[in-house]
Amino acid sequence: MPPFEDCTNGVDDDGDTRTDCADDECTAHVACRPSCGDALDPFEPNDDAGSATDAATVAPTDTAIAVAGDPDVFSIAVCRGGVLTVEVRFAHAGGDIDVELVGADGGRLAGSWSADDDEQVVWTGDRRGNVYLVVGLYASEGCNEYTLEASLDVASCIWNETAFDDGVDDDGDGWTDCADAADCGADPYCAPESDCLD
């Protein structure tokens, strides 16, 4: 049985006298489509945090398209202490895709910028809320298909305030110590003084 056609290498890999996009096996390949653009990406518009696609709604088999100059942004809910693993799978031959994990302020938290197939980011949460995965094609033109899978191991998440007098927002919800009434309100340490003479 002949090999499958590689749609981007300029060689007749399967020996049927048709090369790359001229081969019927390549008609659905992103490099052989008439044009690259957001219209081909089912998750567009997702170009910034305000229009980010929730990564929880993306199945591992869903295909997205990275277009040069047009990053894709996905929101991911995280918790403090949880370990986030993101896999972006693609064929490097179709174009180099790089990924960055950023906070709501746009500051870089982690990233992956290899020069081969696939990118992976593993990050331990230092906050509770959303972070954003930015997927971009490292090229001046063209596009490339990719799949995305994000998983959060919540076994190490800190869900509650753990100390009431340390000045630290232990659970990353924006409230510190006794001001975190949801976690600390019932603790005697945080109860208001009822007898000023004791």
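The structure we're discussing is the one just above.
Calculation notes
- Residues numbered from 1 in each chain as written.
- Predicted model: local features only at pLDDT ≥ 70, side-chain atom pairs only at ≥ 80, totals over all residues.
- Heavy atoms only, no water.
- Helix = DSSP H or I, 4+ residues; strand = E, 2+ residues; numbered from the N terminus.
- Rg over C-alpha atoms; globule rule 2.2 N^0.38 Å.
- Core = buried A, V, L, I, M, F, W, Y, C linked by side-chain atoms within 4.5 Å.
- Buried < 20%, exposed > 50% of the residue type's maximum accessible area, 1.4 Å probe, protein only.
- Contact = heavy atoms within 4.5 Å.
- Disulfide = S-S within 2.5 Å.
- Phe/Tyr/Trp six-rings, centres within 6.5 Å; stacked < 30°, edge-to-face > 60°.
- Pairing = 2+ DSSP bridges.
- Axes fitted to C-alpha atoms, helices over the stretch in contact; angles between N-to-C directions.
- Salt bridge = Lys/Arg side-chain N within 4 Å of Asp/Glu carboxyl O.

Caption draft 1: Highlighting the overall build of the chain. Each helix and strand counted, the chain has one helix and nine strands in total. Starting at the N terminus and walking to the C terminus, you meet the elements of the chain as β-β-β-β-β-β-β-β-β-α. On C-alpha atoms alone, the chain measures out to a radius of gyration of 23 Å, which is more than a quarter above the 16 Å that the 2.2 N^0.38 rule sets for 198 residues. With the C-alpha coordinates of the chain rotated into their principal frame, the extents come out at 95 × 30 × 25 Å.

Caption draft 2: How the structure looks around the nonpolar core. By size, the foremost hydrophobic cluster in this structure holds 25 residues, and its most contacted members are Phe74, Ile76, Val88, Leu101, Leu133 and Tyr146. Looking at this core, the elements with two or more residues in it are strand 2 (64-67), strand 3 (72-78), strand 4 (83-89), strand 5 (97-102), strand 7 (119-124), strand 8 (129-137) and strand 9 (143-153). Per-element accounting of this core gives the leading share, four residues, to strand 8. If near-sequence neighbours (up to four positions away) are discounted, Tyr146 is found in contact with Asp62, Thr63, Ala64, Ile65, Ala66, Asp72, Phe74, Val88, Arg89, Phe90, Ile97 and Val135.

Caption draft 3: Summary view of the state of the cysteines. Considering all chains together, one arrives at two disulfides under this definition. Note on cysteine connectivity: Cys7 is disulfide-linked to Cys26, with sulfurs 2.1 Å apart. When the S-S torsion is -90°, as for the bridge of Cys7 with Cys26, the disulfide is left-handed. Of this pair, Cys7 sits in the segment before strand 1 (53-54) while Cys26 sits in the segment before strand 1, placing them 19 residues apart in sequence.

Caption draft 4: Examining the packing of aromatic side chains more closely. Applying the stated criterion across every chain yields a total of one aromatic pair. Pairing Phe43 with Phe74 gives two aromatic rings, centres 6.1 Å apart and planes at 70°, and the pair type is edge-to-face. Residue Phe43 is found in the segment before strand 1, and its partner Phe74 is found in strand 3; the two are separated by 31 residues along the sequence. Of the two residues examined, Phe43 and Phe74, each falls in the buried class.

Caption draft 5: Structural view of the sheet that holds strand 2. In spatial order, the strands read 2-9-4-7; together these four strands make up an open sheet with antiparallel pairing. Edge strands, defined here as strands with exactly one partner in the open sheet, are strand 2 and strand 7. Taken over all neighbouring pairs, the strand axes of this sheet differ in orientation by 30° on average, direction set aside. As paired elements, strand 4 and strand 9 share seven bridges and run antiparallel to each other. The residue bridging Leu84 from the neighbouring strand is Leu152, located in strand 9.

Caption draft 6: Focus on the pattern of salt bridges. Within the structure shown, the criterion is met by five salt bridges. One salt bridge connects Arg18 with Asp16, and the closest N-O pair in it is separated by 2.9 Å. In this structure, Asp126 engages Arg127 in a salt bridge whose closest nitrogen and oxygen atoms are separated by 2.6 Å. Connected through shared salt-bridge partners, Asp16, Arg18 and Asp24 make up one network.

These figures capture arrangement, not role.
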